[in-house]
Amino acid sequence: MLNHHFRLGVIPARWASTRFPQKVLARVGGKYLIERVWEAAMESRLLDDVVIATDSMEVVRAAEGFGAKAVMTPASLPSGTDRVFFASREKDATTIVNLQGDEPLLEGGAIDALILGLEGDVQCEMATLCVYLENAEEKRSPNVVKLQVDGQGRVSDFSRAAFPGEGAGFLKHLGVYAFRRDALQRFCGLAVSEREAAERLEQLRALSNGMAIKAVVWPRDTIAVDIPSDIARVESVLKERERGL
């Protein structure tokens, strides 16, 4: 029997990241990158439990060192979403949030807004975060994933390319997702879609299979740590936050 609104946050933390190996244990302002993400999750008022899902005993030991729960998942799992599903199987969660392990600037309030966005729209099986995209260079960059939203606040498309039309597609995707439990299981059982393979965007699999995704707009952007030089950018923002800017 599922508990009423038991919300689980899972932070997938793969050891052998392609562009930045072992980045989850990189130091960011004196703390592990994964520790920063965990602290943000712990600031959420709606998450009932938070667990780190990893394929590395080094990450498990580090997590236990700063007080987090961690579970081992098979190294063979193809994606972070599969890692999230694996870690959630023993939990009676109605809502499961995939908290990317490389988003140290994520805020607890953003996680709560995402959960409320999903639970407030019964037609949606998933929800994801986005921010308004104002930087002209980012609008053109294939490294920045854009999304379009319909009149009901649901995602109609994702793309690395800029969408045609004035004002169209000027929302930047933040790769954080909330799933209803059944939707997460269904998603992980679906085959990779053609567009997903072409654009390297996992979320296109959901749209290709008719899954409704709620778009939740958050006012502040984050910085994902993809390469080592991103750490200095994150530390600069953390210093601004400490000064109350």
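Overview of the structure.

### A look at helix 1 (residues 33-43)
Phase 1 of the analysis: Summarising burial for helix 1: eight of the eleven residues are buried, a large majority.
Phase 2 of the analysis: For helix 1, the complete set of buried residues consists of L33, I34, E35, R36, V37, W38, A40 and A41.
Phase 3 of the analysis: Against the buried residues of helix 1 lie strand 1 (7-13), strand 2 (27-28), strand 3 (31-32), strand 4 (49-54), helix 4 (108-119) and helix 9 (230-242).

### Thoughts on the nonpolar core
Phase 1 of the analysis: Core analysis: the largest hydrophobic core is formed by 36 residues, its most contacted members being I52, L99 and L129.
Phase 2 of the analysis: The set of elements that each furnish at least two residues to this core consists of strand 1, helix 1, strand 4, helix 2 (57-65), helix 4, strand 7 (126-132) and strand 10 (171-180).
Phase 3 of the analysis: Aside from chain neighbours lying at most four places away, what touches L99 is G9, V10, I11, P12, A41, L47, L106, I111 and V176.

### A look at empty space enclosed by the protein
Phase 1 of the analysis: What the rule picks out here adds up to one cavity of 30 Å³ or more.
Phase 2 of the analysis: By volume, the largest cavity amounts to about 30 Å³.
Phase 3 of the analysis: As for the largest cavity, its lining consists of T81, M126, Y177, F179, F187, E202 and Q203.

### Here's the deal with unusual backbone geometry
Phase 1 of the analysis: In this structure, Q22 takes a positive phi of about 60° despite not being glycine.
Phase 2 of the analysis: Within the secondary structure, Q22 sits in the loop between strand 1 and strand 2.
Phase 3 of the analysis: Of note in the backbone geometry, R200 takes a positive phi value of approximately 55° without being a glycine.

### Concerning the pattern of salt bridges
Two side chains that carry opposite charge are able to pair once their charged atoms sit near each other.
Phase 1 of the analysis: With the rule as written, the count across this model stands at 17 salt bridges.
Phase 2 of the analysis: The shortest N-O distance in the salt bridge between R186 and E125 comes to 3.3 Å. Within this pair, whereas R186 is found in helix 6 (residues 181-189), its partner E125 is found in the loop between helix 4 and strand 7, the two being separated by 61 residues in sequence.
Phase 3 of the analysis: Here the residues in one salt-bridge network are D49, K69 and K91, joined through shared partners.

### Digging into the packing of helix 3 (residues 80-88) against helix 6
Phase 1 of the analysis: Direction vectors running N to C along helix 3 and helix 6 enclose 130°, while the axes themselves pass 10 Å from each other. As far as their axial angle goes, helix 6 and helix 3 are oblique. As helix 3 runs across helix 6, the sense of the crossing is left-handed. Contact residues: T81, D82, V84, F85 and S88 in helix 3; R181, L184, Q185, F187 and C188 in helix 6.
Phase 2 of the analysis: By residue class, the composition of the contact of helix 3 with helix 6 is five nonpolar, three polar and two charged.

### Let's talk about the packing of aromatic side chains
Phase 1 of the analysis: Throughout the structure, instances matching the rule amount to four aromatic pairs.
Phase 2 of the analysis: Ring centres of Y32 and F66 lie 6.3 Å apart, and the angle between their planes is 45°; this geometry places the pair in the tilted category. With Y32 in strand 3 and F66 in the loop between helix 2 and strand 5 (69-72), this residue pair connects regions lying 34 residues apart in the sequence.
Phase 3 of the analysis: By relative accessible area, which is 22% here, Y32 ends up partly exposed.
Phase 4 of the analysis: A residue is classified by how much of its surface remains accessible, and F66, at 14% relative accessible area, is buried.
Phase 5 of the analysis: Ring centres of F179 and F187 lie 5.9 Å apart, and the angle between their planes is 55°; this geometry places the pair in the tilted category. As far as burial versus exposure is concerned, F179 and F187 are alike and both buried.

### Remarks on the environment of Q123
Phase 1 of the analysis: Within the secondary structure, Q123 sits in the loop between helix 4 and strand 7.
Phase 2 of the analysis: Linking Q123 and A212, residues 89 residues apart in sequence, is a C-alpha distance of 6.9 Å.
Phase 3 of the analysis: The contact partners of Q123, leaving out residues within four places of it in the chain, are R154 and A212.

### Some details on the side chain of N98
Phase 1 of the analysis: Summarising the element assignment, N98 is placed in strand 6 (residues 95-98).
Phase 2 of the analysis: A relative accessible area of 1% means that N98 is categorised as buried.

### Remarks on the pairing of strand 5
Phase 1 of the analysis: By the bridge criterion, four bridges tie strand 4 to strand 5 in an arrangement that is parallel. Considered in strand 5, the bridge of V51 is made with K69.

What counts and how
- Residues numbered from 1 in each chain as written.
- Predicted model: local features only at pLDDT ≥ 70, side-chain atom pairs only at ≥ 80, totals over all residues.
- Heavy atoms only, no water.
- Buried < 20%, exposed > 50% of the residue type's maximum accessible area, 1.4 Å probe, protein only.
- Helix = DSSP H or I, 4+ residues; strand = E, 2+ residues; numbered from the N terminus.
- Contact = heavy atoms within 4.5 Å.
- Core = buried A, V, L, I, M, F, W, Y, C linked by side-chain atoms within 4.5 Å.
- 1 Å grid on protein atoms, 1.4 Å probe; cavity = no way out; pocket = protein on both sides within 12 Å on 5 of 7 lines; lining within 4 Å.
- Points joined across faces, edges and corners; volume = space filled by probe spheres on them.
- Salt bridge = Lys/Arg side-chain N within 4 Å of Asp/Glu carboxyl O.
- Axes fitted to C-alpha atoms, helices over the stretch in contact; angles between N-to-C directions.
- Parallel < 35°, antiparallel > 145°, perpendicular 65-115°, else oblique.
- Left-handed = near helix turned anticlockwise from the far one by under 90°.
- Nonpolar A, V, L, I, M, F, W, Y, C, P; charged D, E, K, R; others polar.
- Phe/Tyr/Trp six-rings, centres within 6.5 Å; stacked < 30°, edge-to-face > 60°.
- Pairing = 2+ DSSP bridges.

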